[in-house]
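Observations on the model geometry
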Amino acid sequence: MSTKSKKSVAWFCKECGYESLTYLGRCPACSAWSSFIEQPKALSSKKEKLSVSPFSINSTDGQAVKLSEINSEISSARISTGFKEFDNVLGKGLQRGSLILMAGDPGIGKSTLLLQVMGSLASRGLKVLYVSGEESKEQVKGRSQRLNVSQELMFMAETDLEVILGEIERVEPEILVVDSIQAVHLDNKDSFPGSQSQIRDCANLLMQLAKKRNITTIVVGHITKEGNIAGPKLLEHMVDVVLYFEGDKQNHFRIIKGAKNRFGPTDEVGLFEMQEGGLSEVTNASSLFLSPDDPAHDKTGTLVTATLQGNRVILAEIQSLVGYTAYPQPKRMVNGLDYNRANQVVAILERRIGLSLAKQDVYSNVVGGLEIVEPAADLAICLSIISCARDLKFIPKLIAIGELGLAGEVRPVSKIELRLKEAQRQGFKTVIMPNMSKGKKQALAAPEGLKLIEINHISEALIFAFSKT
């Protein structure tokens, strides 16, 4: 009888990686429906299983210990990347021994950013190994020179994970980058690189390596056409940090934000600007999303609000366009805002203000591609719609902050002091905001040069927001 194993196929859940011999309508592991895809099955013979590297990468020593006996001084140390925007998203820098997944659209700048960050770390004497499975060494060399990246950075062009792990054993890097997880593979698998089983097993080995050897590991992930990270959903559960690098290719700025972070916040964002010499940090975030002149003055339908992105305040323009529709069902379109919340604002205007929008198309947009999910932009959306619908101009240097309740009341928002300081810094003169002094012994102090108009209901904003001329 031949000892050679026969190639076979199996069904894998694309959400969690669960393996089945037959197709299942619902995954028994994660309960996802219609998630099974057919792929070549991994070899199961013990003799054919790969001895992945010459060192053990077990995640534990096989013994339970008290938390008080664990030395966490080394693993808790942070490594600054040299990019403050990146450090803020990570939570004050790279955590030693962590596994980080960075995903983003093709061509958005993931490899460029990581090459710059790793070059910065290498220039400070850290051992950094950059592994690319998608670019040749000549391509990366040319790009590194264009970006003025330190030539002390160690680079390897390889897709075989066994070879990569062997080189890691020799080099002993402190930081490892694998670009990308879909490109590397294990030879003991019949499945092709980028398949569910290959991604799962490669990520599992890299995770164990990071924990055992205390190597900070960053892997790049591809994005599907639906906007999800390619591979099993299990990949996102395995890693410590999931970062998304986003931005419109037609615009020059990029945003990096966290979707998962075991060592820091997930609501921070980092802003970068794509320039000829690579990506540079943006220190004045509001300048990216504001017009050089007063956006609301001499215009209708445009108003500025102060939104929180983590602990950072960003001033953004809200634009609304209202026009008559010839169709029975008017359109409600938003860009950069929560669709359901924008519809709720329209309903409040119709019911509480008496603004008839039943025969009007309503479009709302955040200028510059920024996404606002917090409710503090409700008041600005509301006033911008009124401005366009009634052709009313705002008073100069106006900003609006506040959440709207269903009764039309303007509700308080968090960190109002930070928002007001940013408004003052950007040269605004008047702020329409919720009544933050209600029920308090001391009224809210206004920053110098900033006039605060505190209101309780949306109808009060109509008195102060619009120019009389």
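Rules of the game
Residues numbered from 1 in each chain as written. Predicted model: local features only at pLDDT ≥ 70, side-chain atom pairs only at ≥ 80, totals over all residues. Heavy atoms only, no water. Helix = DSSP H or I, 4+ residues; strand = E, 2+ residues; numbered from the N terminus. Buried < 20%, exposed > 50% of the residue type's maximum accessible area, 1.4 Å probe, protein only. Contact = heavy atoms within 4.5 Å. Axes fitted to C-alpha atoms, helices over the stretch in contact; angles between N-to-C directions. Parallel < 35°, antiparallel > 145°, perpendicular 65-115°, else oblique. Left-handed = near helix turned anticlockwise from the far one by under 90°. Nonpolar A, V, L, I, M, F, W, Y, C, P; charged D, E, K, R; others polar. Phe/Tyr/Trp six-rings, centres within 6.5 Å; stacked < 30°, edge-to-face > 60°. Pairing = 2+ DSSP bridges.

Moving on: the environment of G402. For G402, the location among the structural elements is in the loop between β19 (398–400) and β20 (403–404). According to the relative accessible area criterion, G402 is buried, its value standing at 0%. Measuring from C-alpha to C-alpha, the distance between G402 and A306 comes to 9.3 Å, with 96 residues separating the pair along the chain. Contact partners of G402, with chain neighbours within four places excluded, come to P375, A376, A377, D378, L379, V410, R411, V413 and P434.

Attention now goes to the packing of helix α2 (residues 110–123) against helix α3 (residues 137–146). For the pair α2 and α3, the least separation of the axes is 11 Å and the interaxial angle reads 65°. Taken as axis vectors, α2 and α3 run roughly perpendicular relative to one another. Seen along the crossing, α2 lies across α3 with a hand that is right-handed. Of α3, the residues touching α2 (which contributes S111, T112 and L115) are V140, R143 and S144. Tallied by class, the residues present in the contact of α2 with α3 amount to 2 nonpolar, 3 polar and 1 charged.

Here the focus is the packing of aromatic side chains. Counted according to the given criterion, the structure contains 7 aromatic pairs. Taking 6.5 Å as the distance between ring centres and 75° as the angle between the ring planes, the aromatic pair formed by Y23 and F36 counts as edge-to-face. One end of the pair, Y23, is in the loop between β2 (19–20) and β3 (36–40); the other, F36, is in strand β3, and 13 residues separate them in sequence. You can call Y23 partly exposed: its relative accessible area is 42%.

Here the focus is the pairing of strand β16 (residues 312–324). Both strand β15 (residues 302–309) and β16 contribute to a ladder of 8 bridges, which runs antiparallel. By the bridge assignment, T307 is partnered in β16 with I314. Hairpin geometry of β15 and β16 is characterised by an intervening segment of 2 residues between the two adjacent antiparallel strands and by a positive phi of about 75° at G310. Across 7 bridges, the pairing between β16 and strand β18 (residues 360–366) is antiparallel. Looking across to β18, one finds that V322 is bridged to V362.

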